[in-house]
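Residue strings, one per chain:
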Amino acid sequence: MGLAVGIDLGTTNSVVAIATPTGVEFALGPAGERVHPSVVGFQPDGSVVVGLDAKHQRVDFPATTIYSAKRLIGQNVRTPLVQLALTGLPYAVEEGPNQQPLIVIEGRRVTVPEVSGHVLAHLKACAQRQLGQAVTDAVITVPANFTDAQRQATKEAGRLAGLEVMRLLNEPTAAALAYGFGQHKDETVCVFDFGGGTFDVSLLAIKDEVFEVLATDGDFFLGGDDIDRAIAEFLAAEMNRQLRVDPRPDAGLMTRLAIAAEEIKIHLSEATAAEGTVDGLLHRGRSLSLPFRLTRPQLDELIRGYVDRTIELTRNVLTAAHLEVGAITEVVCVGGSTRVPLVRRRLAELFGREPALRINPDEVVAQGAAIQAGSLSGALYRGGGMATRDAVPTAALSPLAHGDVPWAKAAAPARPILLDVTPATLRIATAGGYSEPILDKNLPTPIERTRVFTTAHDQQTRVVIECGRGERKRFAENEPLGTLVLDELPPRRRGEVKIEVTFRVDTDGILHVRARDADTGASCDADLTILGAPTRGAA
Amino acid sequence: MAWTPAQVLAWLDEVEPRADGRSHFEWLELAPTAAPQAIQGAYHAIARTRHPDLFRAALPAADLDRLVRIYARVSGAYADLRTADGAAAYLRRVSAAAPPAATTSSPATAARRPAPTTPPPATAARRPAPTTPPPAATPPPAAATPPARRAAPTTPPPAGGAHEVDPARAMNPRALALYRRAEGALRTGDRATAILNIKMAIAADPGSQLLRGALAELTRA
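Keep in mind it's a predicted model, so treat the numbers as computed, not measured.

Participant: Even after reading the chapter, I still don't get the overall build of chain A, so can you show me in this structure?
Facilitator: Secondary structure summary: chain A contains 11 helices and 26 strands in total. Put simply, chain A has 539 residues, and 58% of those count as buried. In chain A, once contacts between residues fewer than 6 apart in sequence are set aside, the share between residues at least 24 apart is 67%. In the form shown here, chain A has an accessible surface area of approximately 21300 Å², with 50% of it arising from carbon and sulfur atoms.

Below you can see the structure in the form of structure tokens.
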């Protein structure tokens, strides 16, 4: 087996790291960057560029430069929220087999796992170049509230990149691991993960190297991109007002404004006002310049709704875990959006303490993934210390290049235990358009639970079990997961046939469903087809 | 510390045949009288020793899959018991249904009585109970003949010290786990808990002479 790395596959940026006996080492990109943009550029000659190079070509080739693929991975393209997300994208997306989104690049159709696979292959190449050894295995992090289809699609992306995905690790759990591993302290931490495209908040109890998730909640479609978009909308309105040009129908102009918006956001994290000019706005053959001024209070006003939502979800998760605010011993910030001063202020107000900033919020998830990768591959040892050190750019200086370090072999393997939870209620449809939960939200995984159902009609020989995910009593208001058919039941009076429905969530958070006829003992197994999941060989 | 793969396999062999009949408390290796505060600790103890992640490299895929399935049942039990409301709902559900065979024997009923709250006398604490049990080879009295004893696993679960008679041979693994807990309680001077655990162990393995001897000695002291 080659080396096992930890990968934070983010919406906007990705980070790859490896646990070494002396600390966690980050793999750098070609320009020495620790944070790799999750951007894939498809070139006219058929080649592919990834990372910083791809990000740089985004303005010139908006239709063939794919970013934020994570927002689409494993999604059912018909979902209203996905349709909404598509309206802001400069590249074309259409519906493929199994209702999965396909990205159209100059007539060619590319699956979303393929795009993410290119990102992962790039990260793998960066790590191999730096470490001078083959990288074969990976722990990849995903948002805690990722669905089954999203998890399977992420695994598929890993497979396409030639990586054995040892584990999909939930991002907040990874962050808590990076924060608490080797600290030997009992803590109850709140991991507040406000990234580029998603928001997650989780509460964890850390006790003697056991990391137990108590509750988790989040919002798929809430992130730094929304803050950028709010600023871009502000700039678009300014452009319309000052220059009498409406940039909104023009993907190229909006991309330029979005890039400026991100820079303004970052500037306003330090300064109280941002003032300047957006240049290079190409309109009808002319290059326009847009002067602007945005103060921090104005920005706060633009993004207040998004930040309110994160605080509301944080309160919800405290309620779900039956915890008071005072029980939280530490608040761990993850994701670049936690640098926004309004976010920090609201968090400090809620918890009555400043959030912990010991670990860089852009790197904390990859660091946790690297620790878990080391643990699962048996390469992590006690007493090694997990302080991050600067990446060593040459293979010759990497301790891994010389094989195992002798003292590390004698030490006991360090095995932090991660106890995760189900991110949403998993349920089945029942008579009258209602539904019954099989597995509730926030249950420890891996978990299995069986419930017994019965037939609704006399002489019924076939039952159709519709599975869904969500918190609503009416089945149709939940996200459909797929359908399971149990055939050849003995014809009996209604209520006389007992059907056991078993939901099992494995260590990756992937759902397995089974239906069985309990009375005849004949086990009628069936598999679930998950909508939005990648189909092998599609496109 | 994590168990050895052999210990895990012995545990799987033990629990799989009657996985459907086990109570939530049995999955968590707790007495039905366990305090709510003990639930999390019991789950963590199982996680520390038997979480599937610990055996990813050490067990073949098929056995790892068995472990995930059994561990998933432990999680299911924990999910129901970890909150006071959930535990109350579970107890209501169980008492409404016919109680499972394993918990209807009289020692278990005895064990459900509230434990005495008086601190244990120092003399009891000094003297570990199961030092002079009848030899394991002694056949049990006819009346107490257990229903089909399982063979003890070849590898005992961890913890515990040296004994003249190996408790691992004198009782089934389920009882042994409780017996070990009784030993632990005695070491901290908590005789009430020790008695409770021995009674639970007898419920799990009514035929073990060692356990009956231990109980007699503990209650005499």
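Participant: In this structure, what is going on with the packing of aromatic side chains? I would like to understand it.
Facilitator: Given two aromatic rings, one states the distance between the centres and the angle between the planes to describe the pair. The tally for this structure, following the rule as stated, stands at 8 aromatic pairs over all chains. With a centroid separation of 4.9 Å and 65° between ring planes, the pair formed by phenylalanine 192 of chain A and phenylalanine 199 of chain A is classed as edge-to-face. We classify phenylalanine 192 of chain A as buried; its relative accessible area is 0%. Residue classification places phenylalanine 199 of chain A among the buried positions, given a relative accessible area of 0%. Pairing tyrosine 43 of chain B with tyrosine 78 of chain B gives two aromatic rings, centres 4.0 Å apart and planes at 10°, and the pair type is stacked. Of the two residues, tyrosine 43 of chain B is situated in helix α3 (residues 36–50) and tyrosine 78 of chain B in helix α4 (residues 61–81); the sequence distance between them amounts to 35 residues.

Participant: Honestly, the nonpolar core in this entry has me stumped. Any pointers?
Facilitator: For soluble globular proteins, the rule of thumb is that nonpolar side chains tend to be buried together. All names here are of chain A. In terms of nonpolar packing, the biggest core is built from 50 residues, with Leu235 and Leu257 touching the most fellow members. Here this core takes 8 residues from helix α6 (residues 224–243), the largest share from any one element. Ignoring anything within four residues of it in the chain, the contact list for leucine 235 reads Leu257, Ala260, Ala261, Ile264, Leu290 and Phe292. Core analysis: the second largest hydrophobic core is formed by 47 residues, Val50, Val82, Val119 and Ala153 among them.

Participant: What exactly am I supposed to notice about the side chain of glutamate 448 of chain A here?
Facilitator: Considering the arrangement of structural elements, one finds glutamate 448 of chain A in strand β22 (residues 447–454). The residues contacting glutamate 448 of chain A, other than those within four sequence positions of it, are Thr502, Phe503 and Arg504 of chain A together with Arg69, Ala72 and Arg73 of chain B.

Participant: Just checking my understanding: could you explain the side chain of glutamate 330 of chain A for this structure?
Facilitator: All names here are of chain A. Along the chain, glutamate 330 falls in strand β18 (residues 330–334). For glutamate 330, which is buried and forms no salt bridge, the nearest opposite charge comes from arginine 353, at a distance of 4.5 Å. One polar contact links glutamate 330 to tyrosine 179, side chain to side chain, over a distance of 3.1 Å. Once residues lying within four places of it in the same chain are set aside, the contact partners of glutamate 330 are Tyr179, Glu187, Thr188, Val189, Cys190, Arg353, Glu354 and Ala356.

Participant: Looking at this structure, how should I read the interface of chain A and chain B?
Facilitator: One frequently used descriptor of interface size is the decrease in accessible area upon assembly of the parts. Counting residues at the interface gives 26 residues for chain A and 23 residues for chain B. Of the roughly 2300 Å² buried where chain A meets chain B, counting both sides, 51% is carbon and sulfur surface. Counting the contacts that link chain A with chain B gives 4 salt bridges. Between arginine 48 of chain B and aspartate 208 of chain A there is a salt bridge, with the nearest N and O atoms lying 3.8 Å from each other. For the side of chain A that touches chain B, the elements supplying multiple residues, two or more each, are β12 (164–170), β14 (199–207), β15 (210–219), α10 (364–376), β19 (417–419) and β22 of chain A. In terms of residue class, the side of chain A that touches chain B is built from 12 nonpolar, 5 polar and 9 charged.

Participant: For this particular structure, what's the right way to read the pattern of salt bridges?
Facilitator: Where charged atoms from two side chains of opposite charge come close, those side chains can pair. All names here are of chain A. Under the criterion given, the structure shown has 39 salt bridges over all chains. Put simply, aspartate 362 and arginine 339 hold a salt bridge, and the shortest N to O gap is 3.0 Å. Here aspartate 362 is found in the loop between α9 (341–351) and α10, whereas its partner arginine 339 is found in the loop between β18 and α9, with 23 residues between them in sequence. Glutamate 479 serves as the salt-bridge partner of arginine 469, at 3.8 Å between the closest nitrogen and oxygen. Here arginine 469, found in strand β23 (residues 463–469), pairs with glutamate 479, found in strand β24 (residues 479–486); they are 10 residues apart in sequence, far enough to count as distant.

Participant: How should the pairing of strand β3 (residues 23–26) of chain A be read in this particular structure?
Facilitator: As a general feature of sheets, a regular strand has side chains that alternate between the two faces. All names here are of chain A. Sheet topology note: the strand β2 (residues 13–20)/β3 ladder contains 4 bridges and is antiparallel. Bridging from a neighbouring strand, isoleucine 18 pairs with glutamate 25 of β3. Following β2, the chain reverses through 2 residues before pairing antiparallel with β3.

Participant: Looking at this structure, I do not really get the packing of helix α8 (residues 296–320) of chain A against α9 of chain A. What am I missing?
Facilitator: When two helices pack together, their arrangement is given by the angle between their axes and by how far apart the axes lie. All names here are of chain A. For the pair α8 and α9, interaxial distance at closest approach is 8 Å and the crossing angle is 40°. Relative to α9, the element α8 is oriented oblique. Relative to α9, the crossing made by α8 is right-handed. Across from Arg296, Asp300, Ile303, Arg304, Val307, Asp308, Ile311, Thr314, Arg315 and Leu318 in α8, the residues of α9 making contact are Pro341, Leu342, Val343, Arg345, Arg346, Leu347, Leu350 and Phe351. Partitioning the contact of α8 with α9 into residue classes produces 10 nonpolar, 1 polar and 7 charged.

Participant: Got a minute to help me understand the sheet that holds β23 of chain A in this structure?
Facilitator: One key point about sheets: their strands pair by backbone hydrogen bonds, in either a parallel or an antiparallel sense. Residue and element names in this part refer to chain A. Strand order in this open sheet of 4 strands is β21-β20-β23-β24, and the pairing throughout is antiparallel. Each having just a single partner strand, β21 (435–439) and β24 make up the two edges of the open sheet. On average, each strand axis in the sheet is tilted by 30° relative to the strand beside it, whichever way the strands run. Here strand β20 (residues 426–429) runs beside β23; their pairing, made up of 3 bridges, is antiparallel. Directly across from arginine 427, in β23, lies its bridge partner glycine 468.

Participant: It is not clear to me how the sheet that holds β19 of chain A should be interpreted in this structure. Could you clarify?
Facilitator: Residues and elements named next belong to chain A. Strand order in the open sheet formed by 5 strands is β18-β13-β14-β15-β19, and the pairing between neighbours is mixed. Each end of this open sheet is capped by a strand with a single partner; those strands are β18 and β19. With direction set aside, neighbouring strand axes in the sheet form an average angle of 25°. Inspection of the sheet shows strand β13 (residues 187–194) paired to β14 by 8 bridges, in the antiparallel sense. Opposite phenylalanine 192, over in β14, you have valine 201 as the bridge partner.

Participant: Mind showing me how you'd approach helix α2 (residues 80–87) of chain A here?
Facilitator: Every α-helical turn comprises 3.6 residues, leaving residues that sit three or four positions apart pointing alike. Residue and element names in this part refer to chain A. Taken together, the buried positions of α2 are Val82, Ala85 and Leu86. Looking straight down α2, one finds its buried side chains confined to an arc of 105°; they lie on one side. Of the exposed residues in α2, those oriented more than 90 degrees away from the buried face are Pro80, Leu84 and Thr87. On its buried face, α2 sits against β8 (92–95).

Participant: Before we go on, may I ask you to explain empty space enclosed by the protein in this structure?
Facilitator: A probe as big as a water molecule, rolled over the atoms, marks out the empty space that is left. Residues and elements named next belong to chain A. By the definition in use, this model includes 7 cavities of 30 Å³ or more. Its boundaries defined by the atoms lining it, the largest cavity holds a volume of some 280 Å³. Contributing to the lining of the largest cavity are 27 residues, with Arg151, Thr445, Val505, Asp508 and Gly509 lying nearest its centre. Looking at the lining of the largest cavity, the elements with two or more residues in it are α4 (148–160) and β12. If one sorts the elements of the lining of the largest cavity by residue count, β12 sits on top with 4 residues. Within the lining of the largest cavity, the residues separate by chemical class into 12 nonpolar, 7 polar and 8 charged. Both domains that meet at the lining of the largest cavity, namely domain 1 (3–183 + 360–419) and domain 3 (426–517), each give it at least three residues.

Each value, and the rule that gives it
Residues numbered from 1 in each chain as written. Chains lettered and ligands numbered in written order. Predicted model: local features only at pLDDT ≥ 70, side-chain atom pairs only at ≥ 80, totals over all residues. Heavy atoms only, no water. Helix = DSSP H or I, 4+ residues; strand = E, 2+ residues; numbered from the N terminus. Buried < 20%, exposed > 50% of the residue type's maximum accessible area, 1.4 Å probe, protein only. Contact = heavy atoms within 4.5 Å. Areas by Shrake-Rupley, 256 points an atom, 1.4 Å probe, with all protein chains shown as cover. Phe/Tyr/Trp six-rings, centres within 6.5 Å; stacked < 30°, edge-to-face > 60°. Core = buried A, V, L, I, M, F, W, Y, C linked by side-chain atoms within 4.5 Å. Lys, Arg positive; Asp, Glu negative; His and termini not counted. Salt bridge = Lys/Arg side-chain N within 4 Å of Asp/Glu carboxyl O. Polar contact = N/O pair within 3.5 Å; in protein donor to acceptor, adjacent residues only side chain to side chain. Buried area = accessible area lost by both parts, 1.4 Å probe. Nonpolar A, V, L, I, M, F, W, Y, C, P; charged D, E, K, R; others polar. Pairing = 2+ DSSP bridges. Axes fitted to C-alpha atoms, helices over the stretch in contact; angles between N-to-C directions. Parallel < 35°, antiparallel > 145°, perpendicular 65-115°, else oblique. Left-handed = near helix turned anticlockwise from the far one by under 90°. Arc of directions from axis to C-beta. 1 Å grid on protein atoms, 1.4 Å probe; cavity = no way out; pocket = protein on both sides within 12 Å on 5 of 7 lines; lining within 4 Å. Points joined across faces, edges and corners; volume = space filled by probe spheres on them. Domains from an automatic or database assignment.

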